[in-house]
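Understanding the architecture of this molecule
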Amino acid sequence: MTRNHSHISRRTALRTVAGATLVSVAGCLNDNGGSGTPSDGTTSPDSNGPLTRIAVEGTTLVVELSEEADIDQVNLIQPNGELFGKRDVAAGAQQVSFEIGTAYAPGEYRIVALKGEETVTETSLAIQPELVIRDVGLYRNNPDKPWDEVYGESQTDSKKNGEAFVTVENTGSGPEAVVELRFTGDVPNPVDDPRGSGIYEKERVVVGAGETVDIFSDSFPFGSEIGEDGMGCSTDGNSGQFTVVLETRTTGQQVTKSYDVEYTGSDEMQNCEVTISEA
């Protein structure tokens, strides 16, 4: 499960850790159809241009227009050259938008402003997600996380002890959806093929460009019951390595990261001291 800080709820599954402001991916525009990427990615260097800002906000591509814009249509062209969509521009309108979701094709998109059938200006914009795993942690080691809000106050500490969170950052320029979370290797309950997504009460988690989110597990990877291929705790200490695996929708790629782990201080996982470090 994940938790979004903009919708605080006990059953909410998305938590935004960083990126309180909207992250924009924008192109500079001019009357000759040229494009570039300014450092702030928000304004056109040509005050006479009809398009002043192009940005990906969440799962929406937003095109902002100048007050003097003399156009009646904006088209969005996909990387393969096919039309993604077109928007009529009403008199006085200063913005049009395209919902790209998370099933879009990553790549270079063209934004074309038209007056009748004549192209007034156009620019291109790369929309490409890039997920990075930043952290992984357990309930017992991270009591400051919103565990009760995520899993509910009624769930016992022993059950929450078996769950984990994975912090994911999208360093790219487009949204991505995580559709599966797995823990493999030296954990008490490794899961190669989880039931459902492996994410608490979610089939997918959308991570916008520039956002960082916590994704909460639903497979008890560090549960007290040790699976056939799992590694448990011992008073003398057991050490190994596990891998976090994320399956994505937009790019269809796996995102993985391995961690060293040590289990010490008890013969039972419930009272075990678990130490995780980057491999």
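Description of the structure in this document. All chains use their own residue numbering, which begins from 1 and follows the written sequence. The model is predicted, so local features are restricted to residues of pLDDT at least 70 and side-chain atom pairs to those at 80 or more, both for listing and for counting; the totals for chains, interfaces and linings are taken over all residues. The basis for the side-chain values is all heavy atoms of the structure; hydrogens and waters are excluded.

Salt bridge criterion: a side-chain nitrogen from Lys or Arg within 4 Å of a carboxyl oxygen from Asp or Glu. Throughout the structure, instances matching the rule amount to 10 salt bridges. When the shortest N-O distance is used, the salt bridge between Glu 57 and Arg 53 registers 3.0 Å. Residue exposure (1.4 Å probe, protein chains only): buried if accessible area is under 20% of the type maximum, exposed if over 50%, otherwise partly exposed. Residue class for Glu 57 comes out partly exposed when judged on its relative accessible area of 21%. Two residues, Lys 115 and Asp 70, come together in a salt bridge whose shortest N-O distance is 3.1 Å. Placement of Lys 115 in strand 9 (residues 107-115) and of Asp 70 in the loop between strand 5 (60-65) and strand 6 (73-77) is noted, with a sequence separation of 45 residues between them. Taking the relative accessible area as the measure of exposure, Lys 115 reaches 38% and is therefore partly exposed. Each of Arg 53, Glu 57 and Glu 64 takes part in one network of salt bridges that share partners. Strands are runs of DSSP state E lasting at least 2 residues, helices are runs of H or I lasting at least 4, and numbering of each runs from the N terminus.

So, on to the packing of aromatic side chains. In summary, the pairing rule links any two rings of Phe, Tyr or Trp, Trp by its six-membered ring, whose centres are within 6.5 Å, and it sorts them by plane angle into stacked for under 30 degrees, edge-to-face for over 60 and tilted for everything else. The full count for this structure, using the stated rule, is 12 aromatic pairs. Their ring planes at 65° and their centres at 4.5 Å tell us that Tyr 151 and Tyr 200 sit as a pair that is edge-to-face. You can see Tyr 151 sitting in helix 1 (residues 147-151) and its partner Tyr 200 sitting in the loop between strand 13 (176-185) and strand 14 (205-207), a full 49 residues away along the chain. You can call Tyr 200 buried: its relative accessible area is 11%.

The backbone phi angle of Glu 201 is positive, close to 55°, even though this residue is not glycine. Mapped onto the secondary structure, Glu 201 falls in the loop between strand 13 and strand 14. Among the residues examined, Glu 201 registers a relative accessible area of 45% and is labelled partly exposed.

Surface patches are drawn from residues lacking salt bridges whose relative accessible area is over 30%; two like charges belong together within 9 Å, two nonpolar side chains (Val, Leu, Ile, Met, Phe, Trp, Tyr) within 5 Å. The Shrake-Rupley method, run with a 1.4 Å probe, gives the accessible areas here. Residue values count only the displayed protein chains as cover. Within this scheme the basic residues Lys and Arg register as positive and the acidic residues Asp and Glu register as negative, but His and the chain ends are omitted. Where a charge lies is defined by one atom per residue type: Lys uses NZ, Arg uses CZ, Asp uses CG and Glu uses CD. There is a patch of like negative charges on the surface, built from Asp 192, Asp 193, Glu 228 and Asp 229. As for its placement among the helices and strands, Asp 192 is situated in the loop between strand 13 and strand 14.

Before going further, it helps to spend a moment on the nonpolar core. Within this scheme, the nonpolar core is defined by two criteria: the residues are buried Ala, Val, Leu, Ile, Met, Phe, Trp, Tyr or Cys, and they are joined through side-chain atoms within 4.5 Å. Residues Phe 183, Phe 242, Val 244 and Tyr 263 are the most contacted members of the largest nonpolar core, which totals 29 residues. Counting only elements with at least two residues in this core, the list comes to strand 11 (131-138), strand 12 (164-170), strand 13, strand 14, strand 15 (212-216), strand 16 (238-248) and strand 17 (254-264). A contact between two residues is defined here by any heavy atoms of the two lying within 4.5 Å. What Phe 183 contacts, discounting residues up to four positions off in sequence, is Val 136, Ala 164, Val 166, Pro 190, Val 191, Ser 217, Pro 221, Phe 222, Phe 242, Thr 243 and Val 244. Formed by 19 residues, the second largest nonpolar core is a distinct cluster that contains Leu 61, Leu 65, Ala 113 and Ile 127.

Strand pairing requires that DSSP identify at least two bridges connecting the strands. Pairing is antiparallel across the open sheet formed by five strands, whose spatial order is 14-13-16-17-18. A strand with exactly one partner marks an edge of an open sheet, and here the two such strands are strand 14 and strand 18 (273-278). Neighbouring strand axes in the sheet, compared pairwise and without regard to direction, differ in orientation by 40° on average. Judged from the 10 bridges that link them, strand 16 and strand 17 form a sheet pairing that is antiparallel. Across the sheet, residue Glu 247 finds its bridge partner in strand 17, namely Gln 254. Every angle, taken between N-to-C directions, lies between 0 and 180 degrees, and every axis is a line fitted to C-alpha atoms, over only the stretch in contact when it is a helix.

So, about the sheet that holds strand 4 (residues 51-57). The three strands lie next to each other as 4-5-8, forming an open sheet whose pairing is antiparallel. The sheet terminates laterally at strand 4 and strand 8 (95-99), the two strands that pair on one side only. When the angles between neighbouring strand axes are averaged without regard to direction, this sheet yields 15°. Both strand 5 and strand 8 contribute to a ladder of five bridges, which runs antiparallel.

Strand 4 sits mainly inside the fold: five of its seven residues count as buried. Sheet topology places strand 4 next to strand 5; six bridges connect them, and they run antiparallel. The residue of strand 5 that forms the bridge with Arg 53 is Glu 64.

For this text, the term disulfide refers to a pair of cysteine sulfurs within 2.5 Å. Enumeration according to the criterion identifies one disulfide in this entry. Two residues, Cys 233 and Cys 272, share a disulfide whose sulfurs are 2.2 Å apart. Looking down the S-S bond of the Cys 233 and Cys 272 bridge, the torsion is 80°, so its handedness is right-handed. Of this pair, Cys 233 sits in the loop between strand 15 and strand 16 while Cys 272 is found in the loop between strand 17 and strand 18, placing the two residues 39 residues apart along the sequence.

This brings us to the environment of Glu 180. Looking at the secondary structure, you find Glu 180 in strand 13. Judged by its relative accessible area of 18%, Glu 180 falls in the buried class. Discounting residues that sit within four places of it in the chain, Glu 180 has contacts with Pro 194, Gly 196, Ser 197, Ile 199, Val 245, Leu 246 and Glu 247. Two N or O atoms form a polar contact when they lie within 3.5 Å of each other; inside protein one atom must be a possible hydrogen donor and the other a possible acceptor, and for residues adjacent in sequence the pair counts only when both atoms belong to side chains. At 2.5 Å, the side chain of Glu 180 and the side chain of Arg 182 are in polar contact.

Structural measurements only, silent on function.
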